[in-house]
Amino acid sequence: MATQKPKRSPVEIEDIILRKIFLVSLVDSMENDSRIVYLEMTAAEILSEGKELRLSRDLMERVLIDRLSGEFLSAEPPFPYLIGCYRRAHDEGKKINSMKDKAVRAEMESVVKQAKKLAASYCRIHLGNPDMFPNWDKIRSNVSPLLPLVFSEVSSSVDGFGGSGSSGCPPGFLEEFFGDSDFDSLDPILKQLYEDLRGSVLKVSALGNFQQPLRALLFLVNFPIGAKSLVNNSWWIPKGAYLNGRVIEMTSILGPFFHVSALPDHTIFKSEPDVGQQCFSEATTRRQADLLSSFTTIKTVMNNLYDGLTEVLLCLLKKTDTRENVLEYIAEVINKNSSRAHIQVDPLSCASSGMFVNLSAVMLRLSEPFLDANLTKRGKIDPKYVFYSTRLDLRDLTALHASSEEVAEWLNKDHPGRADGSRQNSDGENRMIQSHEATSSGNYAGGPSPLQSNKPMSTCSEKTKYPFICECFFMTARVLNLGLLKAFSDFKHLVQDISRCEDTLSTLKAMQGQAPSPQLDLDIARLEKEIELYSQEKLCYEAQILRNGGLLQQALSFYQLMVVWLVDLVGGFKMPLPSTCPMEFACMPEHFVEDAMELLIFASRIPKALDGVVLDDFMNFIIMFMASPNFVRNPYLRAKMVEVLNCWMPRRSGSSITTALFEGHQLSLEYLVRNLLKLYVDIEFTGSHTQFYDKFNIRHNIAELLEYLWQVPSHRNAWRQIAKEEEKGVYLNFLNFLINDSIYLLDESLNKILELKELEAEMSNTVEWEQRPAQERQERTRLFHSQENIIRIDMKLANEDVSMLAFTSEQITVPFLLPEMVERVASMLNYFLLQLVGPQRKSLTLKDPEKYEFRPKELLKQIVNIYVNLARGDTENIFPSAITKDGRSYNEQVFSAAVVLLRRIGEDGRIIQEFIKLGAKVKVAASEAMDAEAALGEIPDEFLDPIQYTLMKDPVILPSSRMTVDRHVIQRHLLSDNSDPFNRSHLTPDMLIPDTELKAKIEEFIRSQELKKRGESLSIQSAKDTIQTTTDGMTLID
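This one's a predicted model, so the numbers in the text were calculated from it and none came from an experiment. (Residues numbered from 1 in each chain as written. Predicted model: local features only at pLDDT ≥ 70, side-chain atom pairs only at ≥ 80, totals over all residues. Heavy atoms only, no water.)

**Structural notes on the packing of aromatic side chains**
Think of a pair of aromatic rings as described by two things: how far the centres are apart, and how the planes are tilted against each other in angle. Worth spelling out the cut-off: Centres within 6.5 Å are what make two rings of Phe, Tyr or Trp a pair, Trp counting through its six-membered ring; a difference in plane orientation under 30 degrees is then read as stacked, over 60 as edge-to-face, and the rest as tilted. Note on exposure labels: buried denotes an accessible area under 20% of the residue type's maximum, exposed denotes more than 50%, and partly exposed covers the range between, all computed with a 1.4 Å probe on protein chains only. In this scheme, the term charge over a ring applies when either NZ of a lysine or CZ of an arginine sits within 6 Å of the ring centre and within 35 degrees of the ring normal.
Evaluation of the coordinates by the stated rule reveals 37 aromatic pairs. Ring geometry for F558 against Y559: centres 5.3 Å apart, planes inclined by 90°, an arrangement best described as edge-to-face. Per residue, the accessibility class of F558 equals that of Y559, and both read buried. One aromatic cluster is present, built from ring pairs that chain together Y385, Y466, F473, F474, F558, Y559, W565 and F592. Between the NZ or CZ atom of R67 and the centre of the ring of Y81, over which it lies, the distance is 3.9 Å. Against the face of F269 rests R246, its NZ or CZ located 3.8 Å from the ring centre.

**Here's the deal with the sheet that holds strand 3 (residues 955-957)**
The strands that make up a sheet pair up through hydrogen bonds in the backbone, lying either parallel or antiparallel. Heads up, the condition is: DSSP calls a pair of strands paired once it identifies at least 2 bridges connecting them. Each helix is a run of H or I in the DSSP string that is no shorter than four residues. Each strand is a run of E no shorter than two, and both are numbered from the N terminus. Should any heavy atoms of two residues lie within 4.5 Å, those residues are counted as being in contact. Note on definitions: angles span 0 to 180 degrees between N-to-C directions of axes, and those axes are lines fitted to C-alpha atoms, for helices only across the stretch in contact.
In spatial order, the strands read 4-3-5; together these three strands make up an open sheet with antiparallel pairing. In the strand order of this sheet, the two ends are held by strand 4 (964-966) and strand 5 (993-994), each with one partner. Pairing of strand 3 with strand 4, which is carried by three bridges, proceeds in the antiparallel orientation. Bridge pairing in strand 4 links P955 to D966. Contacting strand 3, strand 4 and strand 5, helix 42 (residues 967-976) runs over the sheet at an angle of about 85° to strand 4.

**Details of the packing of helix 24 (residues 549-568) against helix 26 (residues 591-604)**
Our working rule: Throughout this description, any angle smaller than 35 degrees is read as roughly parallel, any larger than 145 degrees as roughly antiparallel, any in the 65 to 115 degree range as roughly perpendicular, and the remainder as oblique. Note on convention: near helix rotated counterclockwise from far helix by under a right angle means a left-handed crossing. Clockwise means right-handed. Classification used: nonpolar for Ala, Val, Leu, Ile, Met, Phe, Trp, Tyr, Cys and Pro, charged for Asp, Glu, Lys and Arg, polar for all others including Gly.
Packing of helix 24 against helix 26 leaves a shortest axis separation of 10 Å and a crossing angle of 140°. Judged on the interaxial angle alone, helix 26 and helix 24 are oblique. Judged by the twist between their axes, the crossing of helix 24 over helix 26 is left-handed. Of helix 26, the residues touching helix 24 (which contributes L552, A555, L556, Y559, M562, V563 and L566) are F592, V593, D595, A596, L599, L600 and A603. Among the residues forming the contact of helix 24 with helix 26, the class breakdown is 13 nonpolar, no polar and one charged.

**Comments concerning the pattern of salt bridges**
Let me state the cut-off plainly: Salt bridge criterion: a side-chain nitrogen from Lys or Arg within 4 Å of a carboxyl oxygen from Asp or Glu.
Within the structure shown, the criterion is met by 47 salt bridges. Here E823 makes a salt bridge to K885, at a shortest N to O gap of 3.4 Å. With a gap of 62 residues between them, E823 in helix 37 (residues 819-837) and K885 in the loop between helix 39 (879-884) and helix 40 (892-904) connect regions that are remote in the sequence. Classification of E823 by relative accessible area gives buried; the value is 17%. Its relative accessible area of 48% is what places K885 among the partly exposed residues. One connected set of salt bridges, linked through shared partners, spans E762, E768, R772, E776 and R780.

**Things to note about the nonpolar core**
Buried together is how nonpolar side chains tend to be arranged in soluble globular proteins. Basically, it comes down to this: To qualify as a nonpolar core, a set must consist of buried Ala, Val, Leu, Ile, Met, Phe, Trp, Tyr and Cys residues joined through side-chain atoms within 4.5 Å.
L146, F173, F625, W648, W719 and L833 are the most contacted members of the largest nonpolar core, which has 306 residues in total. Top element by residues in this core is helix 34 (residues 730-764). It accounts for 16 residues.

**Remarks on the state of the cysteines**
Let me state the cut-off plainly: Note on terminology: pairs of cysteine sulfur atoms within 2.5 Å are recorded as disulfides.
Using the criterion set out here, one finds zero disulfides in the structure. Distance from the sulfur of C169, which forms no disulfide, to the nearest cysteine sulfur (C123) is 9.7 Å. Residue classification places C169 among the buried residues on the basis of a relative accessible area of 2%. Cysteine C581 is unpaired, with the sulfur of C587 as its nearest cysteine sulfur at 8.4 Å.

**Regarding the packing of helix 21 (residues 468-482) against helix 22 (residues 484-514)**
Viewed as axis vectors pointing N to C, helix 21 and helix 22 meet at an angle of 15°, and their least axial separation amounts to 3 Å. Looking at the two axes, helix 21 sits roughly parallel to helix 22. Two secondary-structure elements touch here, helix 21 through V479, L480, N481 and L482 and helix 22 through L484, L485 and K486. For the contact of helix 21 with helix 22, the per-class residue count stands at five nonpolar, one polar and one charged.

**Side note on the confidence of the model for the protein**
The criterion, for reference: What pLDDT conveys is the predictor's confidence in a given residue, as a value from 0 to 100.
Confidence in the prediction for the protein averages 84 pLDDT; 89% of positions are at 70 or higher. Counting interchain partners and residues more than four positions distant, the pLDDT-below-50 stretch residues 414-462 has 73 contacts. Low pLDDT, under 50, characterises residues 1033-1038; the stretch is placed with zero contacts to residues that sit more than four places away or in other chains.

This is the structure in structure tokens:
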């Protein structure tokens, strides 16, 4: 029978465990393990104290200090030794679990726990004071030895790290290490760690290893002490006289994490690996599957970055002692990068687009809790934040309507509260008071509303604390303006640059075919390289932004909140708008609305980006404000609203959702046509030095919408009603500008065609052409292509305008035939007809007219249709007379030539017959006009209109210049220009003073001339009769 091993006492077990953990011995037993250190001096001291040479919890710290302080050959340096101690303690702890004796097990667990705590504690001491213990590690690293352990802790097997291996971090060590609440001892250690993490992602692109450092950052801030240390770090928000946006991005702790991106950056700050080069070089030759794979990879890693950074900020925001620091950091990033809103951004002083797109994505994630379906928390957003927030610089931003002087005056007004509760505030202010009372958070508790104070508002609100929702809303709006929306703009310019380069390349290649030269070869090679780089950048934008549907959807949700909140400031979604614009709305930054519109335009052009998005609130907002200059002052911003609608037209969007917006939406059916017509008129005067050219692009968008709406019966009926109600108002102005534009655009196009044909003739004479200097040929070739583009654009716009005149005149004729309009319309039609069928028409023939949108047959048909439509509606027979008064373009032969051409091109026979009938009426009217002119004889100058030198019918006096003019002449002038043509003072139709005395004189003059003419006719007839009688009498006598 085998003898049993003697049972070990708890003291012996404790000794064995501690020797294994600390790798020390108090007895020189010539251990085989070279790591074990014999503490000879310690053993001697213990013996001198009369104690046994056994390790115990009482001796634990003393032994550890002696082990760390001594210089022992082949022993591990302090840090790896202490980590080893912790790991061995953990391993021993697992073994203890199998002990059957509960009392011994509990005692040994306590020993192991104390050993772990001691190892972690001395790790802190060593890292805080590296020179305290002798260190045999000859290779001193600048990186904290804790960093690999943190990486090991947060890494998954995908990264190639394992948390449980011998080289990894012992389980529970970091929690023990950072669980200590002694801030002063841990802060320097954490400071080094944060600097190491910052350095590890500096200049790392989306394809680099940023995920491990990001997870490490999140791991550290989850410890209260880690969060506190981060925001108290001197590089949390860098300071200094030369601080700017780029400095914050590169030197703050979080900055390099936000810099990680797929978007291009300035060469100095370029990240590696190069995303464009690696994923999108020579993209035209790559397989589509490879490109899609790259898009998916970038989208995935960027979403991981967004989620990780959001978690970091959320972790800090949830802690009351670090929340304020996070808001200060975001505010500083925004304020120091405000110049990113400029067209040209200085990359050395502003943070990168990558950082701001990333920050945009993170802010949208932080906003998610208040972007619920019903936007129930919008009451917490206080518009006064724009003026009283000490965090963000918002007051200098351009406002929706108020000037800076009006804002200042409004803010400086006193707003006294009254004890009797009588209404003291404006409706807008009362709405805001109710909002504060209904939705105030703890920050507002017990404090007066800034709108109810007895002090001036500029001082009473200085101490106002705003809820996080309010702060987050305005910060997100600013970040999106400087980030995501700016990236949209950069992308658009990039696409335009590529297009310009491709056009230039095409021109250079054409020139090379005609006259090769080494310089042309160099220019072509340079352009091809430029296009390749631009194309890589474009695909990087596409990968990070356009392909990320989730990001765009979050942005759309945010701006839905924005428009609903703004509409609340004017009383909600209802029309008509208040008679005066509430100052809360008028003072809001203009970019709030502009960014919403830009996002909608951008998203509308991306397939499926609007799927699932409810657009009704946006539609309501656009209809309410696009024709309301008293609410949105900037005409270009209102024009941008039309651009949104243009993108939503069913034939363009291909979506049934947008069809319902136009054809089944109450505000749309009631106000859309009216407001489009009004904006068409308003856009004539934008105040910009480029207003003349800008209006054509804007009106092009309006015209496309109006053409679509005319085909919708309910909108067509509304249009006809507006034409009837506003016969001498906005509709007449609309018609006037439509005619003005048509004349200018068609005239410009036809003249440019003649110039183009001259250039064509020059270039086709190859002998003479090749004798010209190369530079001259290049310039003439560039001019040729430039003229081609101008003709194409102008002709397209002219076709739209003539088409609109044609289809509207079919059902609406009265405004065309008003006295102030009919002669203008007739002159336009005569001029167009002369150009299309007159003697010079053959000089307008082009080899490929369709290339220039020049369709002379279609134009002729439309012009003749307008003639016929107006003749049908001309119940008073004034149209033929108006046609004859145009001495410049009208002649009988042109009408005859038009009939011949109409038959040749197959126009409807009924239209031709009606046109012939009109021609006959015009011929009669011309004859009558000549007779009438002859009858009047010499007209006194005082009866002649000073503008047109025609006989006045209804003279009126202009109040400022005191000049007398014919009413219909001055009314026609006022349709385009509300000023006195003689001294430029303001003038409107209601200011005209009838000159009844002169009118009576003119009427008397006409009567007398008619009587005189009649008298002369009678005298002549009498003389004829006398002669006849005399002749007859002579016959009888004979």
